[in-house]
Structure formats: structure tokens, C-alpha cells
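This is what each chain is made of:
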Amino acid sequence: MEENSNHLANYLKKGLRFDNRKLEEFRKITIEYDISNNAEGSARVRFGETEVLAGVKMELGNPFPDKPGEGSIMVNSELLPMSSPEFESGPPGIDSIELARVVDRGIRESKAIDFKKLCVREGEKVWIVIIDLMSVNDAGNLLDVAALAAMAALKDAKFPKLLEKDKVDYHIKTDKKLPLDRTPVSITVYKLGDKFLVDPTNEEIKFLEGRLTVAITEEDKICAMQKGLSASFTLEEIDKAVGIAMEKSKELRKLLR
Amino acid sequence: MIITIKVSKMSDFKRPDGRKNDELRPMEAKAGIIKRADGSAMFKVGNTVAYAAVYGPRELYPKFLQNPGHGILRCNYNMMPFSGSGERIRPGGNRRSKEISMVTEKALSPVLDLSEYPNAVVDVYIELPQTDAGSRCAGICAASIALADAGLPMKDLVAAISVGNLNGNLVVDLDKEEEDIEGEVADIPIAVVPSTGEITLLQMDGIVLKDELKKALEMGIKSCRKITEIQRKALKDKYKVDAKSEGE
């Protein structure tokens, strides 16, 4: 087993992928919109066999006391036990929490959603946009798949009908789209030795040493980052990883509506 | 939103979506949709979509739950937070989903033979991305295909459907609009072993007379025999595709 692991790690270190892809090549990506008619917005995103569903629900809530004129967003993720033998039922574990928080920061910090536009009555009622990310099949790189699914679902989202007395009729869909000012895209760059790659499969992830997730806007501004796994990065390595992420972000953004 | 539909008896009765009383909503099934799982399936009825994934037989933890005599079936039914027709559903399960998980287990166990797998568990995860009534039945239909797809020894598939009484009119496969009709209305989800006609799930809420119940159940068993054809086709189609791609 030890020898076998070394062999596979060496294979990756030579810059070769288990499925013959190039290091900076994604698997086949598909995006489907409006996959759940009860959600205000929804999408199914697949990178190869990895599949995530994202759904947006909008609720009327109270603003935070320090931001009386602003709505807010909430990102929740469920690493469903359906999607992997390694996931268990129960409250979200750290991987699920990290995923949701990284996706949340990418959207929030890019100012993709102008929270002021979610205000219904200042100091009283605002829209709260809740994004739920559900893994259906985990074949690696859930982070990027989930982040893209979140953006796709947001692009699909329309406000539900607001009735008198702050009642919401979820059965009536309005034509009013959720206003989006930007399209942030998240790319996770993985590191093994001096090699960098994107979109690893589960088989590959076992051998990878470090990862850096970078969320980038269409103006090539970095809006969120997260380093993961055990390896550390040098300054040069970070520069290189961010460069790869920036290049690849254009490719992903083009796939969105 | 409360939908009030006046339903009068018999002759001028029309279902809201124009179906005949014994007509099912359009159904679709697919096996093997989740590659990571040992078995999986999608079952769609009208606007209700259920996914099911099977993992196992695998070792059961905590250990005190293990049964040295035979393996255990464990089902988990869950509506995705954005799948319901109203507000977001808070994730993490509730009393309703726990009960449905339990009755799903009881509905499926009678056809499943886990005697060869002592101390093991077969986990069935049912997830609904979109619902419009009949979600537990759709979940059972999907789960049954997924168990067969996982290659577990089974006597038969299990098919499930709701039957109902809408003010004296007996119908099969109620949708949300029909569930919300006011008056003497009964919603009776059942699961059936099609080869024997045994009923492995029976629940009801509403009002129904004894004779109506018998007739409704007969309609339900008949419907389940139609549904099981769709389930069988899904399994056959999967292995047809597999055989083809292996030949390439």
C-alpha cells in the first residue's frame, strides 16, 4: 500500500493526472437552472461526477440593529450522507461549515448583492436571502462546485410576491430578479511538491498537500481566500496559485448565464 | 394560501388537473444516478422528485445496535430546505421526517433479505429537491429501485402511491391542490408488494367510510402494479446502458 501510494503521488508530481487531464484543466462542467420549482432560484452543477444542488429561498426578516437599511444573506451547506460513504447524518461537521463560510465570503465580500436593495422598510423589514448547498455526489472538489452552484442559483432567483402586512406568498413568482452587481467565482488551486492543479478527483485529493481557494470578481479583484490542508505556501507559490485562479475564473464565469 | 374548491358528488366531479380518478400523474424513474453510492435512483411523480442512495451492507455503529442474526435496514427521509411550497425548511430533520423515515423502513423491509449480513446495516438516504404531495411514496419508489440497484437480495420491488377520498370521490395519486381540498377528504399513502398485493405501508388522515377504504385500496394496489413497471424499466435501462458502454 505504501509503495502504491508513493507511486501514485509520484505520478501526480510528474504533472500527470489520473484521468489524463492537464493540471489546470477542469472536468466537464454542466449547469442546469431552475431545478426545483418551489425555490426562488435553484441550480444543479456538475464537475464530472461531482454534483451539487443549490437552492435560494427568500424570507422577510428584521434587519440587524447596526444596519437598519440592509438585508442579508445566509449560506448553509449539507454534505449529505447520500453523496459519500464518508459523510454521516447529524449536525454539520467542520468540512461542511468551512465550505458554507468560504462560499458566503466570496459572495458577501464581492458585493455581488447590494444589501441595500434588499431593504423593504428601513429598520423594520428586509429580505434575507438563504442559499442552501446540497451535495448529491462527492467525486472531489465540492468547494468549487458548490460555489458555482450558489452563483447559478442566485442568477436564477426571483422575488416571491410580497402581500400586505408583510406576508409572503411563495406560490406567486414575480418577474423581479434578485439584483446582482457582480459575479464572483471561486477556484481552489491544489499543490503537490512544485506542481499546481485544479479540480482534483477524490482519488487525487488523498495525495495533495495544500490548497488555496480564491474568489475573484470580473474586475479581477480578489474578494475572499482560504488556505486549507496541511502544507504551507511560500510567497511565490501564493502568487502562482492566485495567477492560476484568476485565469481559470474567466473560464468558469463564462459558463454562467 | 388556502385553496377552497367546491367538490360535489360523483357525476360532475372533476379533478383540479383534469385527470381521471384512477389516473396517475406522469412518472419517471432512473437507476444509478449517484455514482458514489452502492445503489441509487431518482423517482419523479408530477412535480415531486425523490432521490435515493443506498450504502451497504456495511458495519453498523454504534455497536450495540448491531444484530448478530441479520442485517438492519436504516432509512433517512429528508426534504431539502428549498423543496417545499412555503417557507424554507430548516435542515436537520423534524418529527415528520423522523416518522416518515420509520414507516419507510417498515414499507421496504418485508421484501429485503438481510439474513446473510449479520451485524451490518444498509443505509437508505432519501432526499427531495422538489415536492408537490406524495413525497413519502415517491421516496419509497426511489428507495426500492436503489436497493435493487445495489444488488441486495429482494423478493420484489415495493411501489407506493397515495389514494384518497375527495368528498366521496375515490382517486389515486393526490397532488397538493387535492390534499388541500376542504370537506370530507382522506389522504391514504400505501406501499404495495406488487407480486403478492401485500400492503407494507398504510397511513391515513381525514375521513373515509369502510367500503370506500376497501375500494380505494384496491385502486391503489392496481396503481402500484403500473408503477412497478416503471421501476423495473429504470433498472433494465441502466444495465442496458452499462452493457453498451462496456462494449465500446
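Shown above is the structure to which this text applies.
All of these numbers come straight from a predicted model, not from anything done at the bench.

Colleague: Mind showing me how you'd approach the pattern of salt bridges here?
Modeller: A side chain of one charge can pair with a side chain of the opposite charge when the charged atoms of the two come close. The tally for this structure, following the rule as stated, stands at 40 salt bridges over all chains. In this structure, the salt-bridge partner of Glu51(A) is Arg44(A), at a minimum N-O distance of 2.7 Å. Note that Lys248(A) is salt-bridged to Glu251(A), the shortest N-O span being 2.7 Å. Taken together, the positions of Lys248(A) and Glu251(A), both in helix H5 (residues 235-255) and 3 residues apart, correspond to about one turn of that helix. Judged by relative accessible area, Glu251(A) falls into the partly exposed class, the value being 37%. Residues joined by salt bridges that share partners form a network here, namely Arg15(B), Asp17(B), Arg19(B), Arg25(B), Asp132(B), Asp173(B), Asp175(B) and Glu178(B).

Colleague: Got a minute to help me understand the packing of helix H1 (residues 95-108) of chain B against helix H2 (residues 135-149) of chain B in this structure?
Modeller: When two helices pack together, their arrangement is given by the angle between their axes and by how far apart the axes lie. Residue and element names in this part refer to chain B. Where H1 meets H2, the axes come as close as 10 Å, and the angle between the chain directions of the two elements is 45 degrees. By the angle between their axes, H1 is oblique relative to H2. For the pair H1 and H2, the crossing hand works out as right-handed. Where H1 abuts H2, its residues Arg96, Ile100, Thr104, Ala107 and Leu108 lie against Ser135, Arg136, Ile140, Ala143, Ser144 and Leu147. Class assignment for the residues of the contact of H1 with H2 results in 6 nonpolar, 3 polar and 2 charged.

Colleague: Explain the interface of chain B and chain A to me, please; I cannot follow it from the model alone.
Modeller: Interface size, as often reported, equals the accessible area lost upon joining of the parts. Taken together, the 27 residues of chain B in the interface contact 33 residues of chain A. Counting the contacts that link chain B with chain A gives 3 salt bridges. When the shortest N-O distance is used, the salt bridge between Glu86(A) and Arg36(B) registers 3.3 Å. Where chain B packs against chain A, one counts 14 residue pairs in polar contact (both at pLDDT 80 or more). Mapped by element, the contributors of at least two residues to the side of chain B that touches chain A are strand E3 (48-59) and strand E5 (120-130) of chain B. Here the side of chain B that touches chain A is built from residues that sort into 13 nonpolar, 8 polar and 6 charged.

Colleague: Explain H1(B) here, please?
Modeller: It helps to recall that an α-helix has 3.6 residues per turn; residues three or four apart then point in one direction. Residues and elements named next belong to chain B. Compared with an ideal rise of 1.5 Å per residue, which puts 14 residues at 20 Å, H1 spans 20 Å between its outermost C-alpha atoms and is within 8% of the ideal. Taken together, the buried positions of H1 are Ser97, Ile100, Ser101, Val103, Thr104, Glu105, Ala107 and Leu108. Measuring from the side-chain oxygen of the N-cap residue of H1 to the backbone nitrogen of Arg96 gives 3.2 Å; that N-cap residue is Asn94.

Colleague: How should I be thinking about the packing of aromatic side chains in this particular structure?
Modeller: Here a ring pair, both rings aromatic, is described through the centre-centre distance and the interplanar angle of the planes. Residues and elements named next belong to chain A. A full pass over the atoms with the stated rule returns 5 aromatic pairs over all chains. Their ring planes at 45 degrees and their centres at 6.0 Å tell us that Tyr11 and Phe18 sit as a pair that is tilted. Assessed through its relative accessible area of 29%, Phe18 is described here as partly exposed. Note on Phe26 and Phe47: the rings are 5.7 Å apart at their centroids and 85 degrees apart in plane angle, and the pair reads as edge-to-face. Of the two residues, Phe26 is situated in the loop between helix H1 (2-13) and strand E1 (29-33) and Phe47 in strand E2 (residues 41-47); the sequence distance between them amounts to 21 residues. Overall, Phe47 belongs to the buried group, its relative accessible area being 0%. One aromatic cluster in this structure is built from Tyr11, Phe18 and Phe207. A cation sits over an aromatic face here: Lys191 above Phe233, 5.2 Å from the ring centre. A cation over a ring is seen here: Arg257 above Tyr33, with NZ or CZ 3.9 Å from the ring centre.

Colleague: Just checking my understanding: could you explain the sheet that holds strand E1 (residues 27-31) of chain B for this structure?
Modeller: In any sheet, the strands associate via hydrogen bonds between backbone groups, in a parallel or an antiparallel arrangement. Residue and element names in this part refer to chain B. Read across the sheet, 5 strands follow the order E1-E2-E3-E5-E4 without closing on themselves; strand pairing throughout is mixed. Each edge of the open sheet is held by one strand with a lone partner, namely E1 and strand E4 (72-79). Geometrically, the sheet is characterised by an average inter-axis angle of 15 degrees between neighbouring strands, direction not taken into account. Lying on the sheet, H2 is in contact with E1, strand E2 (39-45), E3, E4 and E5; it crosses E2 at an angle near 150 degrees.

Colleague: Please clarify how the packing of helix H2 (residues 94-109) of chain A against helix H3 (residues 142-156) of chain A should be interpreted in this entry.
Modeller: All names here are of chain A. Between H2 and H3, whose axes approach to 10 Å, the crossing angle comes to 45 degrees. Looking at the two axes, H2 sits oblique to H3. Seen along the crossing, H2 lies across H3 with a hand that is right-handed. Counted together, Leu99, Val102, Val103 and Ile107 of H2 and Leu142, Leu143, Ala146, Ala147, Ala150, Met151 and Leu154 of H3 form the full contact between these two elements. In the contact of H2 with H3, the residues fall into 11 nonpolar, no polar and no charged.

Colleague: Explain the nonpolar core here, please?
Modeller: Side chains of nonpolar character tend, in soluble globular proteins, to be buried together. Core analysis: the largest hydrophobic core is formed by 59 residues, its most contacted members being Phe43(B), Leu73(B) and Leu147(B). Counting residues in each nonpolar core, the second largest holds 58 residues, with Met58(A), Ile73(A), Val189(A) and Ala241(A) among its members.

Rules used in this analysis
Residues numbered from 1 in each chain as written. Chains lettered and ligands numbered in written order. Predicted model: local features only at pLDDT ≥ 70, side-chain atom pairs only at ≥ 80, totals over all residues. Heavy atoms only, no water. Salt bridge = Lys/Arg side-chain N within 4 Å of Asp/Glu carboxyl O. Helix = DSSP H or I, 4+ residues; strand = E, 2+ residues; numbered from the N terminus. Buried < 20%, exposed > 50% of the residue type's maximum accessible area, 1.4 Å probe, protein only. Axes fitted to C-alpha atoms, helices over the stretch in contact; angles between N-to-C directions. Parallel < 35°, antiparallel > 145°, perpendicular 65-115°, else oblique. Left-handed = near helix turned anticlockwise from the far one by under 90°. Contact = heavy atoms within 4.5 Å. Nonpolar A, V, L, I, M, F, W, Y, C, P; charged D, E, K, R; others polar. Polar contact = N/O pair within 3.5 Å; in protein donor to acceptor, adjacent residues only side chain to side chain. Expected span 1.5 Å × (residues − 1). Phe/Tyr/Trp six-rings, centres within 6.5 Å; stacked < 30°, edge-to-face > 60°. Lys NZ or Arg CZ within 6 Å of the ring centre and 35° of its normal. Pairing = 2+ DSSP bridges. Core = buried A, V, L, I, M, F, W, Y, C linked by side-chain atoms within 4.5 Å.

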